[in-house]
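Secondary and tertiary structure notes
Listed below, chain by chain, are the residues.
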Amino acid sequence: MSFASDCKEELCKIENKRACCLKAECYGLLLFSKCFSLRDAQMICENSAVARRITEAAAVSAGVYAEMRAQLHRKNAGAYAIAIPGEDARRQMVTSFGHTGREISLRIRMENLLKDCCTAAFLRGVFLVCGTVTDPQKEYHLEFVTPYLHLAEDLVAVLQGVKAAQFSPSVARRKNSYIVYLKESGAIEDFLTLIGAVNGAMELMQIKMYKETYNNLNRVSNCETANLDKTFSAASRQIAAIALISDKVGLDELPEDLREAALLRLHNPEMSLREMSERLSISRSGVNHRLRRILEYAETLGSPEEEISAQHEKGKE
Ligand SMILES: [Zn+2]
């Protein structure tokens, strides 16, 4: 079972305790179902629990019988076709929600969802009939599909009007449909919670936490590798400088504090500044300061190449 169908199964088990919410959910289910018209139309529903919920909605809210036929055709095998037989029955359904069926464009009639509780129930109905959510393991994406632009725009307004959460849905066109979608994991989690898919929301949250922890661990280990490289290149420069000092003037020429740091570095090329500060019982910036003075001192002695060519010159004399 997919993440989306798990969420839908969970939602189909919810009982609407208030009459206002029951009606609002039925409105969402029917309005976005492709059957909400005086014309004889049918919709294909892949989820049997959702298909049953739609037929129940027609019966409960409008006293109308909705036909549900299992599809045997290869293309839709396992899905159900839903239709409302009889124009009178279809008129009864649309008028019970304040529609005439003769509207130029289908829109959400806001008087069917006056209370906040009803908005959540309505959105549950809409999600069940035309929504889907991608497995959060893959990506964060929740969408609704409708062939009607105004219905898509009204749905955006309903989502933006939700007081319990902050939704910023986007609209896109796909073939002959309009897609209203949420992309942000927090918004998807809030939406699933709002409509009652609490287990779905929790699963999404856990996956998100797991992903974040995993990414953080990865970032830390990448960072440590980078730091290690830095330590190594800094250490090799320091060792070159110490070797130069040793060759040219001898380490005994160094002041006591610098000689101590130089010997420690020479014998421990991989040692970090932190470990050196512990060994020398001085602060890290103290270690850094000593190592910098060693580098500066070596610079005053010139590079090893100069030394070699200088000796060469000497040999000629
Ligand atoms: Zn209500």
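Residues numbered from 1 in each chain as written. Predicted model: local features only at pLDDT ≥ 70, side-chain atom pairs only at ≥ 80, totals over all residues. Heavy atoms only, no water.

**Looking at the nonpolar core**
F32, F122, F144 and F191 are the most contacted members of the largest nonpolar core, which has 69 residues in total. Of the residues forming this core, the biggest block, nine residues, is contributed by helix α5 (residues 116–130). In contact with F32, not counting residues within four places along its chain, are I108, F122, V126, V129, C130, T146, L151 and L155. Listed in part, the 19 residues of the second largest apolar core include I242, A261, M271 and L291. (Core = buried A, V, L, I, M, F, W, Y, C linked by side-chain atoms within 4.5 Å. Buried < 20%, exposed > 50% of the residue type's maximum accessible area, 1.4 Å probe, protein only. Helix = DSSP H or I, 4+ residues; strand = E, 2+ residues; numbered from the N terminus. Contact = heavy atoms within 4.5 Å.)

**Some points on the coordination of the zinc ion**
Protein-derived coordination of the zinc ion comes from C20 (SG), C21 (SG), C117 (SG) and C118 (SG), at a distance range of 2.3 to 2.4 Å. One can describe the donor arrangement at the zinc ion as tetrahedral, given that its four donor atoms subtend angles of 95 to 132 degrees at the metal. When the donors of the zinc ion are listed by position in the chain, the intervening gaps give C-C-x95-C-C. Within this pair, whereas C20 is found in helix α2 (residues 19–31), its partner C118 is found in helix α5, the two being separated by 98 residues in sequence. For C20, a relative accessible area of 22% gives the class partly exposed. (Donors = N, O, S within 2.8 Å, 3.2 Å for Na, K, Ca; no water. Tetrahedral: all angles 85-135°; square planar, octahedral: opposite > 155°, others 65-115°.)

**A few points about the pattern of salt bridges**
Counted by the stated rule, this structure contains 15 salt bridges. Residue E87 is joined to R91 by a salt bridge in which the shortest nitrogen-to-oxygen separation is 3.0 Å. Remark: R91 and E87 occur in helix α4 (residues 87–95); sequence separation between them is four residues, near one turn of the helix. Notably, a salt bridge pairs E260 with R290, separated by 3.2 Å at the nearest N-O pair. Taken as a pair, E260 in helix α9 (residues 256–267) and R290 in helix α11 (residues 284–300) lie far apart in primary sequence, 30 residues in all. Owing to a relative accessible area of 13%, R290 belongs among the buried residues under this scheme. One connected set of salt bridges, linked through shared partners, spans E25, R53 and R124. (Salt bridge = Lys/Arg side-chain N within 4 Å of Asp/Glu carboxyl O.)

**Observations regarding the sheet that holds strand β2 (residues 67–70)**
The sheet built from three strands is open, its strands ordered β1-β3-β2 with antiparallel pairing. Pairing within the sheet leaves two strands with one partner each, and these edge strands are β1 (42–45) and β2. The average angle at which neighbouring strand axes cross in this sheet is 25 degrees, direction not considered. Here β2 pairs with strand β3 (residues 80–83) via four bridges, running antiparallel. Bridge pairing links M68 to I82 in β3. (Pairing = 2+ DSSP bridges. Axes fitted to C-alpha atoms, helices over the stretch in contact; angles between N-to-C directions.)

**Here we look at the domain arrangement of the chain**
Parsing the chain into structural domains produces domain 1 (3–196) and domain 2 (212–316). Distance from the C-alpha centre of domain 1 to the C-alpha centre of domain 2: 69 Å. (Domains from an automatic or database assignment.)

**What about helix α10 (residues 273–280)?**
Buried within α10 are the following residues: M276, S277 and L280. Seen from one end, α10 has its buried residues packed into an arc of 100 degrees, which puts them on one side. Turned more than 90 degrees off the buried face of α10, the exposed positions are E278 and R279. Turning to α10, the residues buried within the fold contact α9 and α11. After α10 finishes, the residue S281 shows a positive phi value of roughly 55 degrees. (Arc of directions from axis to C-beta.)

**Considering the packing of aromatic side chains**
One pass over the full model with this rule turns up nine aromatic pairs. Measuring from ring centre to ring centre gives 6.0 Å for F127 and F191, while their planes differ by 65 degrees; the resulting arrangement is edge-to-face. With F127 in helix α5 and F191 in helix α7 (residues 185–195), this pair connects stretches of sequence that are 64 residues apart. No difference in accessibility class separates F127 from F191, as the two residues are buried. Between the NZ or CZ atom of K211 and the centre of the ring of Y140, over which it lies, the distance is 4.5 Å. (Phe/Tyr/Trp six-rings, centres within 6.5 Å; stacked < 30°, edge-to-face > 60°. Lys NZ or Arg CZ within 6 Å of the ring centre and 35° of its normal.)

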